[in-house]
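Notes for the structure review
One-letter residues, chain by chain:
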Amino acid sequence: EFDFFQYGQVVGEALKDHIVGGSDQCLTLVQNGTIALANYINSNNSFSGLPQSLQPCTSNVLDSTLDLSTYYSSIFGNFQGVVQYNLEGSSPTVAQLCETITNQTEPLAALAAATALFEDNISACVQSSFQDDYIDAYLSNTSFSAPDCNLDCSSDRQWIYQSCNSFGFFQTTTSAGVQTPFSAFDIVNVTTAGIAVCAAAFGDNTYSGPHRAGDDSSLASNEKFGARYFLTANVTFVNGNLDPWHSLSIVNASDPFYEAGGAQQVTSPSVDIVEINGTAHCRDMYAPNAFQAIGINDTTPVIWAHARISENIKRYLS
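Residues numbered from 1 in each chain as written. Predicted model: local features only at pLDDT ≥ 70, side-chain atom pairs only at ≥ 80, totals over all residues. Heavy atoms only, no water.

Examining helix α4 (residues 94–102)
As a reminder, the rule being used: Three labels apply to residues, based on accessible area from a 1.4 Å probe with only protein chains included: buried if under 20% of the type maximum, exposed if over 50%, partly exposed otherwise in between. Segments assigned H or I by DSSP are reported as helices when at least four residues long, segments assigned E as strands when at least two residues long, and all are numbered from the N terminus. Note that the arc is computed from the directions linking the helix axis to the C-beta atoms. In what follows, a contact means two residues having at least one pair of non-hydrogen atoms within 4.5 Å.
Here α4 has its buried residues at Val94, Leu97, Cys98 and Ile101. All buried residues of α4 lie within an arc of 95 degrees about the axis, which places them on one face of the element. The elements touched by buried residues of α4 are α1 (6–15), α2 (24–44), α3 (65–84) and α5 (107–116).

Below, the structure written as structure tokens:
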């Protein structure tokens, strides 16, 4: 999907989900905080007067659409990371983030307090340079990481190359007729968060999006791999229902993101859908009790999912 606006929608679902420590108050404060921030910047054409944690790290942000988009993306990105990796060893969790937010009563102050959680004392500001903070920092290095890099290996350029050419997945804050908690940051769209990134990273000023199918009805990758048309045997689709990526996957018909993006879901009877309530990205892939040492116990849905997957694998191998 070129315009992956559903990502922000799932972030909103997580911020209000009581199972993981979210609340309606948390979601409302975030949404109203982003509106207040965008309105302040648009009305004053300045960041002067905003809390320190919401100050951009560069001084000429308003002179560049791409820098302003990077500024908003950085704030959006903080919430993205928390939700995608909630309860998987990183901090803060959704519960900790929402506690910080709901300790404030004024939306802009709540957004500032949340943003401050991700800044150290040395650089208490929001990254805002499209070229320096994004392109140069993550995408310009064409060298491979060393063979022994382990978890420090860099794959940002490779990932973005695939995004530009094949599958898109550009995480925007809004789309026509769609509301997310970050819709006020409407400058974060497929032009600034997708097309401009691909053009700058790979030097292609003619870039307009991932390869299209021959009749231009869909992305070529969906036509080639079948999108959600999955007639095969012995496959288990596993997703956490608070993982933003599950919104593009094969999920239960009761899920709010069933067939999101328009691709019809068709599966064979032997395809098993395992949707884990209240969990985030790839939670099933961690060993049982993987985070117990840091005080995060496996939930009942995680225990159920591990057992279900194990049963399926035994059946496949038999």
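Next comes the rest of the write-up.
Here we look at the packing of aromatic side chains
Here is the rule we go by: Between 30 and 60 degrees the pair is tilted, below 30 it is stacked and above 60 it is edge-to-face, where a pair is any two Phe, Tyr or Trp rings, Trp via its six-membered ring, whose centres lie within 6.5 Å.
The final tally for this structure, using the stated rule, is 21 aromatic pairs. Considering the side-chain rings of tyrosine 7 and tryptophan 245, the 6.0 Å spacing of their centres and the 90 degrees angle between planes classify their relative orientation as edge-to-face. Of the two residues, tyrosine 7 sits in helix α1 while tryptophan 245 sits in the loop between β2 (236–240) and β3 (266–267), which places them 238 residues apart along the sequence. Centre to centre, the rings of tyrosine 134 and tyrosine 138 are 6.5 Å apart; their planes meet at 65 degrees, and the pair counts as edge-to-face. Here the residue tyrosine 134 and the residue tyrosine 138 both occupy positions in helix α6 (residues 130–139), the gap between them amounting to four residues, near one helical turn.

Observations concerning the pattern of salt bridges
Going by this rule: Each salt bridge in this description consists of a side-chain nitrogen of Lys or Arg and a carboxyl oxygen of Asp or Glu lying within 4 Å of one another.
For the structure shown, the criterion picks out four salt bridges. When the shortest N-O distance is used, the salt bridge between glutamate 13 and lysine 16 registers 3.8 Å. The exposure class assigned to glutamate 13 is partly exposed, which follows from its relative accessible area of 32%. Relative accessible area serves as the criterion here: at 31%, lysine 16 is assigned to the partly exposed category. Between arginine 212 and aspartate 216 there is a salt bridge, with the nearest N and O atoms lying 3.1 Å from each other.

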